[in-house]
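These are the residues of each chain, in order.
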Amino acid sequence: MTEMYEVIVVGGGAAGLSAALVLGRARRRTLVVDAGEPRNAPAAHMQGFLTRDGMPPAEFLAVGREEIARYGVELVRDRAVDAVREDGGFAVRLAGGREVRARHLVMATGLEDELPEVPGLAERWGRDVLHCPYCHGWEVRDQAFGVLATTPLSVHQALMVTQWSKDVTFFLHRVAERELSDDDLRRLAAAGVNVVPGAVAGLVVEDDRLTGVRLADGTVHAREVLFMAPRAVPRTDLLRRLGAELRDTPFGSYPVIDERGLTSVPGLWAAGNSSGFAEQVVNAASRGYRAGAAINGELLFADLDAALL
């Protein structure tokens, strides 16, 4: 049998749980489908979320799950593998074989970080190999920074991290210096960033701490922290299948949404990193809240209008 809900939320991170909290408090029968793969799982703490600064991500999610349960929101540990539009709503099939339906569907599946193939990088990810200075800069301030170029846009990251350390080395890796503009080079020089050409072959780790970056020619540059921008891979498969319009960006393809999070498909919503690359936890929670409130209004007025017929 197919179970019917008013809203299904796919993704149990900050955005999905926030949307579910609002909907549960609005007395909407809501289901959260959570595969348990949060993007920030490698990080020991999250920063920049007022009143939750420094909180471990796993603890944040555990508290969120407890909160939605108070309002009757159901959470299932499973993966949504297919979704279709059906009878003015949506039918969602889960990996475990369960099929559920709802009038509205929220996609809060986030994205995956695809790391460059540099030996040792993945093992240090979220520890002393980092991506966001707003998330981690304070904790590693004034240490010896390295920045690994993944595209010419990495110049921006190299310049940004100088707010947290004046000892910054920019490793061009597989980016040729000629790919940088004259303005890029002038700004790097003005910021005191040391630009190093040559491919990075690996990391030097001693006593479970990053101590250096090793180039292909064997040269080692002493560094304590390495920033790099991973390739963002949005989890938009279900959005594509449902016909949502997507927009291409330098950081992947994301759904076109209005200010509330509604996609081009009626009843289909996107929140958090499903809707954009730069949604930090606090922003994702805000996006989820906004979508949840908008969905409740849509359901309320749809039912009122139907009653008038």
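Read on for a plain summary of the structure.

Brief notes about the side chain of Asn273
- When you line up the elements, Asn273 lands in the loop between β19 (268-270) and α8 (281-307).
- Reaching out from Asn273, the side chain makes a polar contact with the backbone oxygen of Gly276 at a distance of 2.9 Å.
- Once residues lying within four places of it in the same chain are set aside, the contact partners of Asn273 are Arg39, Gly110, Leu111, Tyr254, Ala278 and Glu279.

A few points about the packing of helix α1 (residues 14-25) against helix α2 (residues 57-69)
- Contact geometry of α1 with α2 gives a least axis separation of 9 Å together with a crossing angle of 20°. As summarised for this structure, α1 and α2 are arranged roughly parallel, according to the angle between their axes. In terms of crossing hand, the pair formed by α1 and α2 is left-handed. In contact with Ala14, Leu17, Ala20 and Leu21 of α1, α2 contributes Phe60, Leu61, Gly64, Arg65, Glu67 and Ile68.
- Considered class by class, the residues forming the contact of α1 with α2 number 7 nonpolar, 1 polar and 2 charged.

Structural notes on the pairing of strand β2 (residues 30-34)
- Within β2, 5 of the 5 residues are buried, which leaves the element mostly enclosed by the surrounding structure.
- On β2, burial covers both faces: Thr30, Val32 and Asp34 on one face and Leu31 and Val33 on the other are all buried.
- Alignment of strand β1 (residues 3-10) against β2, held across 4 bridges, turns out to be parallel. Looking across to β2, one finds that Val10 is bridged to Val33.
- In this fold, β1 hands off to α1, which returns the chain to β2; that crossover is right-handed.
- Where β2 lies against strand β3 (residues 74-77), 4 bridges are found, and the strand directions are parallel.

Notes on the sheet that holds strand β8 (residues 129-130)
- Across the sheet, 5 strands lie side by side as β8-β15-β9-β10-β11; this open sheet has parallel pairing. Both edges of this open sheet fall to β8 and β11 (194-196), since each of them pairs with a single strand only.
- Judged from the 4 bridges that link them, strand β9 (residues 145-148) and strand β10 (residues 168-171) form a sheet pairing that is parallel. Across the sheet, the residue bridging to Val147 is Phe170, located in β10.

Thoughts on the packing of aromatic side chains
- One pass over the structure, following the stated rule, counts 4 aromatic pairs.
- Measuring from centroid to centroid gives 5.5 Å for Phe49 and Phe60, while their planes differ by 55°, and the two rings are tilted. Here Phe49 is found in the loop between β2 and α2, whereas its partner Phe60 is found in helix α2, with 11 residues between them in sequence. For the pair shown, Phe49 and Phe60 are each scored as buried.
- Against the face of Tyr5 rests Arg29, its NZ or CZ located 4.2 Å from the ring centre.
- Directly above the aromatic system of Trp138 lies the positively charged group of Arg141, at a separation of 3.9 Å from the ring centroid.

Looking at the pairing of β1
- Judged by how many residues are buried, β1 sits mostly within the fold: 6 of 8 residues are covered.
- Pairing of β1 with strand β6 (residues 99-107), which is carried by 7 bridges, proceeds in the parallel orientation. Paired with Val7 across the two strands is His104, which belongs to β6.

Cut-offs and rules
- Residues numbered from 1 in each chain as written.
- Predicted model: local features only at pLDDT ≥ 70, side-chain atom pairs only at ≥ 80, totals over all residues.
- Heavy atoms only, no water.
- Helix = DSSP H or I, 4+ residues; strand = E, 2+ residues; numbered from the N terminus.
- Polar contact = N/O pair within 3.5 Å; in protein donor to acceptor, adjacent residues only side chain to side chain.
- Contact = heavy atoms within 4.5 Å.
- Axes fitted to C-alpha atoms, helices over the stretch in contact; angles between N-to-C directions.
- Parallel < 35°, antiparallel > 145°, perpendicular 65-115°, else oblique.
- Left-handed = near helix turned anticlockwise from the far one by under 90°.
- Nonpolar A, V, L, I, M, F, W, Y, C, P; charged D, E, K, R; others polar.
- Buried < 20%, exposed > 50% of the residue type's maximum accessible area, 1.4 Å probe, protein only.
- Pairing = 2+ DSSP bridges.
- Right-handed = clockwise from strand over helix to strand, strands pointing away.
- Phe/Tyr/Trp six-rings, centres within 6.5 Å; stacked < 30°, edge-to-face > 60°.
- Lys NZ or Arg CZ within 6 Å of the ring centre and 35° of its normal.

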